[in-house]
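Chain and residue survey
So you can see what is in the structure, the chains are spelled out below.
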Amino acid sequence: GDSVTQMEGPVTLSEEAFLTINCTYTATGYPSLFWYVQYPGEGLQLLLKATKADDKGSNKGFEATYRKETTSFHLEKGSVQVSDSAVYFCALITRGYQKVTFGTGTKLQVIP
Amino acid sequence: NAGVTQTPKFQVLKTGQSMTLQCAQDMNHNSMYWYRQDPGMGLRLIYYSASEGTTDKGEVPNGYNVSRLNKREFSLRLESAAPSQTSVYFCASGGLRRSDTDTQYFGPGTRLTVL
């Protein structure tokens, strides 16, 4: 079955540091890939997505590139802010299906 | 648009009590979902409904029932609550096929404690 593996947290960074959160996946078929973010006390919201190989999703300074050869979708940001502190979930959906497979989430804490 | 709404926001139950969590969406989505979120476990799918009138089990359906009342509403029922059902419950609705590339939209969650 489909699965998503992401790095365990928590990740603690100083403000303006570079962020990478690793995500790899296994899937039958050709998935669409997503990063969702959950701020404290809230539901998840879409951060970015990519639907085919070599696509780059980007939003709010975050980027992730769909790498089919390495089955990865790593999340990066060049300079994190305190307001980026949240839990980040990598996810996939296989075309033709309507269920999303989520990773276990990575908590990011950014300190001033 | 309100998006996805859930009620209640918080609930405390005693073991054996029953309750229904309500969810509604105003985005005209066909698909709706119920997840539970537990520390270190990420999100686990309880039940989903691909379209009005259909429901299917997800990863952890035991102890739960669902009703897709109409296109807008999808409720989750705990018939006899157990402490293992203490969790945060999220409802989500999915994009229409062939548009919005299957993005899911989440409600704010219901924090349930079973004593």
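Structure: see above.
A brief look at the structure comes next. (Residues numbered from 1 in each chain as written. Chains lettered and ligands numbered in written order. Predicted model: local features only at pLDDT ≥ 70, side-chain atom pairs only at ≥ 80, totals over all residues. Heavy atoms only, no water.)

This part covers the packing of aromatic side chains. In the structure shown here, the tally under the stated rule is 14 aromatic pairs over all chains. Relative to Tyr66(A), the ring of Tyr30(A) lies with its centre 6.1 Å away and its plane at 85 degrees, an arrangement referred to as edge-to-face. Of this pair, Tyr30(A) sits in the loop between strand S4 (23-26) and strand S5 (31-38) while Tyr66(A) is found in the loop between strand S8 (62-65) and strand S9 (75-77), placing the two residues 36 residues apart along the sequence. When its relative accessible area of 0% is taken as the criterion, Tyr66(A) is described as buried. Through pairs of rings, three or more aromatic residues link up here, namely Phe34(A), Tyr36(A), Phe89(A), Phe102(A), Tyr33(B), Tyr35(B), Tyr48(B), Phe90(B) and Phe106(B). Note that Lys68(A) overlies the ring of Tyr30(A), its terminal NZ or CZ placed 4.8 Å from the centroid. (Phe/Tyr/Trp six-rings, centres within 6.5 Å; stacked < 30°, edge-to-face > 60°. Helix = DSSP H or I, 4+ residues; strand = E, 2+ residues; numbered from the N terminus. Buried < 20%, exposed > 50% of the residue type's maximum accessible area, 1.4 Å probe, protein only. Lys NZ or Arg CZ within 6 Å of the ring centre and 35° of its normal.)

A few words now on the interface of chain A and chain B. Taken together, the contact pairs 19 residues of chain A with 22 residues of chain B. For the chain A and chain B pair, buried surface summed over both sides reaches about 1,700 Å², with 53% attributable to carbon and sulfur atoms. Counting across the interface, chain A meets chain B through zero salt bridges. Put simply, chain A and chain B have four residue pairs in polar contact (both at pLDDT 80 or more) between them. Looking at the side of chain A that touches chain B, the elements with two or more residues in it are S5, strand S6 (44-50), strand S10 (86-94) and strand S11 (100-102) of chain A. Taken together, the residues that form the side of chain A that touches chain B break down as eight nonpolar, eight polar and three charged. (Contact = heavy atoms within 4.5 Å. Buried area = accessible area lost by both parts, 1.4 Å probe. Salt bridge = Lys/Arg side-chain N within 4 Å of Asp/Glu carboxyl O. Polar contact = N/O pair within 3.5 Å; in protein donor to acceptor, adjacent residues only side chain to side chain. Nonpolar A, V, L, I, M, F, W, Y, C, P; charged D, E, K, R; others polar.)

Residues and elements named next belong to chain B. In space, the four strands of this open sheet follow the order S1-S3-S8-S7, with antiparallel pairing throughout. Looking at strand neighbours, the two that pair on one side only are strand S1 (4-7) and strand S7 (64-68), the edges of this open sheet. Mean inter-strand twist for the sheet, computed between neighbouring axes without regard to direction, equals 15 degrees. Examined bridge by bridge, S1 and strand S3 (residues 19-25) share four bridges and lie antiparallel to one another. In the sheet register, Thr 7 faces S3, and the bridge partner there is Gln 22. (Pairing = 2+ DSSP bridges. Axes fitted to C-alpha atoms, helices over the stretch in contact; angles between N-to-C directions.)

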